[in-house]
Amino acid sequence: MGLSDNHYNRGLGRDAPKFKLWRSAGLMLTYKCNAACEFCYYHCGPDKGGLMPVETCLAAWRSLRTLAGNEARIHLTGGEPFLYWDHLVEILREGRRQNLGPVDLIETNGFWATEEQLIAGRLSTLAALGMQRLKISVDPFHQEYVDIEPVRALAAAAKRLLGPDRVLVRWEKYLRGEGVSPLDVARASWPCSFVAWASSPGSIGRMPMPQDAGETPTTRKGGTPSPREKMYIEAYRDYPFRFSGRAARQLAQLIIDAGSLMIEKEASDPISIHQSSIINHPCLSGFLGAKGVHIDPYGNVFSGTCSGIILGNINQTPLEEIWENFDPRRSGLVGTLCARGPHGLLEPAQALGYQARPAYADKCHLCTHIRQFLFEHGQDASVLGPRDCYA
Ligand code: SF4
Ligand code: SF4
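## Points about the nonpolar core
At step 1: Membership of the largest hydrophobic core comes to 115 residues, with the highest contact counts inside it found for Trp22, Leu76 and Ile295.
At step 2: Ranked by residue count, the leading element in this core is helix α2 (residues 54-68), at 8 residues.
At step 3: In this view, isoleucine 295 contacts Ala25, Gly26, Leu27, Met28, Met52, Ala60, Asn300, Val301, Ile314 and Leu319; residues no more than four positions away in its chain are not counted.

Put into structure tokens, the structure is as follows:
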């Protein structure tokens, strides 16, 4: 397909920024995860659900090839895709049988990698079925839920068996044990049952949470940060992330309180978001330039990592048609975000009773916070969802 197949692009002048062809799709097999990382964009966790049917995966995969040809890049993610190992293998097998090309990347937090034989067996199965690269998540947020030792074993085995170029570790420094040390904090303050749970593969029921130890890690109002809060702040300083999904909850406030972000409070203003980086920041270029999409287990399509903003559903409309029909000038929530950014949602939300916060960590924090309110009040129901993405 070409750029002019999109309705919006056709009416544009030569030099105007065009809506790019999507070349990558992250297929979220599930929202379920053994972890519930404080910064998860998709709000995944043990209590979440969904499992993308094999045929939905294959349809998305075929559509992406229609859009991007041989440049199509599929990655399989979650939630934690290894919770559904047999399903994962079936998807790869079917993709191979239908000559859909290799899967570029499979993402895991490595919780399952507790035995050498199991690791070697799974890696060789994935390699034989065409997986190009394995991405392993390692950072203080993940390591609150996943013991670092299985993750180290997985990374070492993957580098040995697949070759170092085919293994992405985010982030190596934590794998090496440098920087903040989450497990020391976690082990020191959480009940033994939690550490035992996090180490046991296949445990996908409700897990013990920090709260079970009587701790609410990010609900502090002022005062000195706890060790866990310091760990979050350090981790954010190492590798900043956007405040969408779960990160837009207490974590955003923690980072604001920690002064890691330069947000000035203006006394005359009911909200301190009136700063140029948030107020004058339309999302148009983000939507137009997104390299790809995420598709959730129910078929919902999100631009890039803008979780919970549905551009279409591949169970109703093929992905290539969703791309063809996308027009940022349309009215509605996506049109407002493109034209004005999340600040454009503020006034209508306030008219419905939305209470603005004293400060926002970034524009995605503002966006997520307002959307949470709108979702809870049944607004823009065709665009805001699914429930798994909202608290
Ligand atoms: S960030 Fe990854 S490992 Fe953590 S809860 Fe989300 S999906 Fe699970
Ligand atoms: S403000 Fe909203 S629409 Fe814009 S990039 Fe952030 S999450 Fe996406």
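That was the structure; now back to the text.
## Details of the site of ligand 1
At step 1: Every residue lining ligand 1 is accounted for by Cys33, Ala35, Ala36, Cys37, Cys40, Cys44, Gly79, Asn109 and His142.
At step 2: In the shell around ligand 1, the residues fall into 6 nonpolar, 3 polar and no charged.

## Comments concerning the packing of α2 against helix α3 (residues 85-97)
At step 1: Put simply, α2 and α3 touch, their axes get as near as 10 Å, and they point 45 degrees apart. When the axes of α2 and α3 are compared, the pair comes out oblique. α3 is crossed by α2, and the crossing has right-handed handedness. Residues Val54, Cys57, Leu58 and Trp61 of α2 form the contact with α3, whose own contacting residues are His87, Glu90, Ile91, Glu94 and Gly95.

## Let's talk about the pairing of strand β3 (residues 105-108)
At step 1: Of the two faces of β3, the one lined by Leu105 and Glu107 and the one lined by Ile106 and Thr108 are each fully buried.
At step 2: One crossover worth recording links strand β2 (residues 73-77) to the parallel β3 by way of α3, and it is right-handed.
At step 3: Both β3 and strand β4 (residues 133-137) contribute to a ladder of 4 bridges, which runs parallel. Paired with threonine 108 across the bridge in β4 is isoleucine 136.
At step 4: Read from β3 through helix α4 (residues 116-128) to β4, the crossover connection turns out right-handed.

## Describing the pattern of salt bridges
At step 1: Applying the stated criterion across every chain yields a total of 12 salt bridges.
At step 2: For glutamate 107, the salt bridge goes to lysine 135, with nearest N and O atoms at 3.8 Å. In this pair, glutamate 107 is assigned in strand β3 and lysine 135 in strand β4, connecting sequence segments 28 residues apart.
At step 3: In this structure, the salt-bridge partner of arginine 329 is aspartate 327, at a minimum N-O distance of 2.9 Å.

## With respect to the pairing of β2
Regular strands place their side chains on alternate faces of the sheet.
At step 1: Most of β2 is tucked away: 4 of the 5 residues are buried.
At step 2: Crossover handedness for the path strand β1 (residues 24-28) to α2 to β2: right-handed.
At step 3: Sheet analysis places β2 next to β3, joined by 2 bridges and oriented parallel. Residue leucine 76 lies in a different strand from β3, and its bridge partner there is isoleucine 106.

## Considerations on the side chain of lysine 363
At step 1: Along the chain, the position of lysine 363 falls in helix α16 (residues 363-376).
At step 2: Here lysine 363 is buried and forms no salt bridge, its nearest opposite-charge partner aspartate 362 lying at an N-O distance of 9.1 Å.
At step 3: Polar side-chain contacts of lysine 363 include one of 3.5 Å to the backbone oxygen of proline 282.

## A short note on the confidence of the model for the protein chain
At step 1: Averaged over every residue, the pLDDT of the protein chain is 87; residues scoring 70 or more account for 84%.
At step 2: Across residues 262-274 the pLDDT falls below 50, and counting only partners more than four positions away or on other chains, this stretch makes 26 contacts in the model.

## Details of the sheet that holds β1
At step 1: Spatially, the 8 strands line up as an open sheet ordered β5-β4-β3-β2-β1-β6-β7-β8, and their pairing is mixed. Whereas interior strands pair on both sides, the edge strands pair on one side only; in this sheet they are β5 (167-170) and β8 (312-313).
At step 2: Sheet topology places strand β6 (residues 292-295) next to strand β7 (residues 300-303); 3 bridges connect them, and they run antiparallel. For histidine 294, the partnering residue across the bridge sits in β7 and is phenylalanine 302.
At step 3: The strands that α2 touches are β1, β2 and β6; relative to β1, the one it contacts most, it runs at about 175 degrees.

## Things to note about the site of ligand 2
At step 1: Near ligand 2 the following residues occur: Arg242, Cys283, Phe287, Cys306, Ile309, Leu337, Pro342, Lys363, Cys364, Cys367 and Arg371.
At step 2: Looking at the shell around ligand 2, the element that brings in the most residues is α16, giving 4 residues.
At step 3: Of the residues that constitute the shell around ligand 2, the class distribution is 8 nonpolar, no polar and 3 charged.

## Some thoughts on unusual backbone geometry
At step 1: Going from glycine 78 to glycine 79, the amide bond is cis rather than trans, its omega being 15 degrees.
At step 2: Mapped onto the elements, glycine 79 comes out in the loop between β2 and α3.
At step 3: Look at the link from arginine 170 to tryptophan 171: it is a cis peptide, with omega at 15 degrees.
At step 4: Turning to its location among the elements, tryptophan 171 is positioned in the loop between β5 and α6 (172-175).
At step 5: A positive phi angle is found at asparagine 99, which is not glycine, with a value near 55 degrees.

## Re the environment of threonine 336
At step 1: Tracing the backbone through its elements, the reader meets threonine 336 in helix α14 (residues 333-340).
At step 2: Given the relative accessible area of 22%, threonine 336 is considered partly exposed.
At step 3: The spacing of threonine 336 and proline 282 is 54 residues in sequence and 8.4 Å in space, taken between C-alpha atoms.
At step 4: Ignoring anything within four residues of it in the chain, the contact list for threonine 336 reads Gly341, Gly344 and Leu345.

## Here's the deal with the state of the cysteines
At step 1: One pass over the structure, following the stated rule, counts 0 disulfides.
At step 2: Distance from the sulfur of cysteine 44, which forms no disulfide, to the nearest cysteine sulfur (cysteine 40) is 4.1 Å.

## Looking at the packing of aromatic side chains
At step 1: Overall, the coordinates contain 19 aromatic pairs when judged by the stated rule.
At step 2: With centroids separated by 5.5 Å and ring planes inclined at 15 degrees, the aromatic side chains of phenylalanine 19 and tryptophan 323 adopt a geometry described as stacked. With phenylalanine 19 in the loop between α1 (7-10) and β1 and tryptophan 323 in helix α13 (residues 319-325), the pair connects residues that are 304 residues apart, well separated along the chain. Judged on exposure class, the residue phenylalanine 19 and its partner tryptophan 323 are both buried.

About the criteria used
Residues numbered from 1 in each chain as written. Chains lettered and ligands numbered in written order. Predicted model: local features only at pLDDT ≥ 70, side-chain atom pairs only at ≥ 80, totals over all residues. Heavy atoms only, no water. Core = buried A, V, L, I, M, F, W, Y, C linked by side-chain atoms within 4.5 Å. Buried < 20%, exposed > 50% of the residue type's maximum accessible area, 1.4 Å probe, protein only. Helix = DSSP H or I, 4+ residues; strand = E, 2+ residues; numbered from the N terminus. Contact = heavy atoms within 4.5 Å. Near = heavy atom within 4 Å. Nonpolar A, V, L, I, M, F, W, Y, C, P; charged D, E, K, R; others polar. Axes fitted to C-alpha atoms, helices over the stretch in contact; angles between N-to-C directions. Parallel < 35°, antiparallel > 145°, perpendicular 65-115°, else oblique. Left-handed = near helix turned anticlockwise from the far one by under 90°. Right-handed = clockwise from strand over helix to strand, strands pointing away. Pairing = 2+ DSSP bridges. Salt bridge = Lys/Arg side-chain N within 4 Å of Asp/Glu carboxyl O. Lys, Arg positive; Asp, Glu negative; His and termini not counted. Polar contact = N/O pair within 3.5 Å; in protein donor to acceptor, adjacent residues only side chain to side chain. pLDDT = per-residue confidence, 0-100. Disulfide = S-S within 2.5 Å. Phe/Tyr/Trp six-rings, centres within 6.5 Å; stacked < 30°, edge-to-face > 60°.

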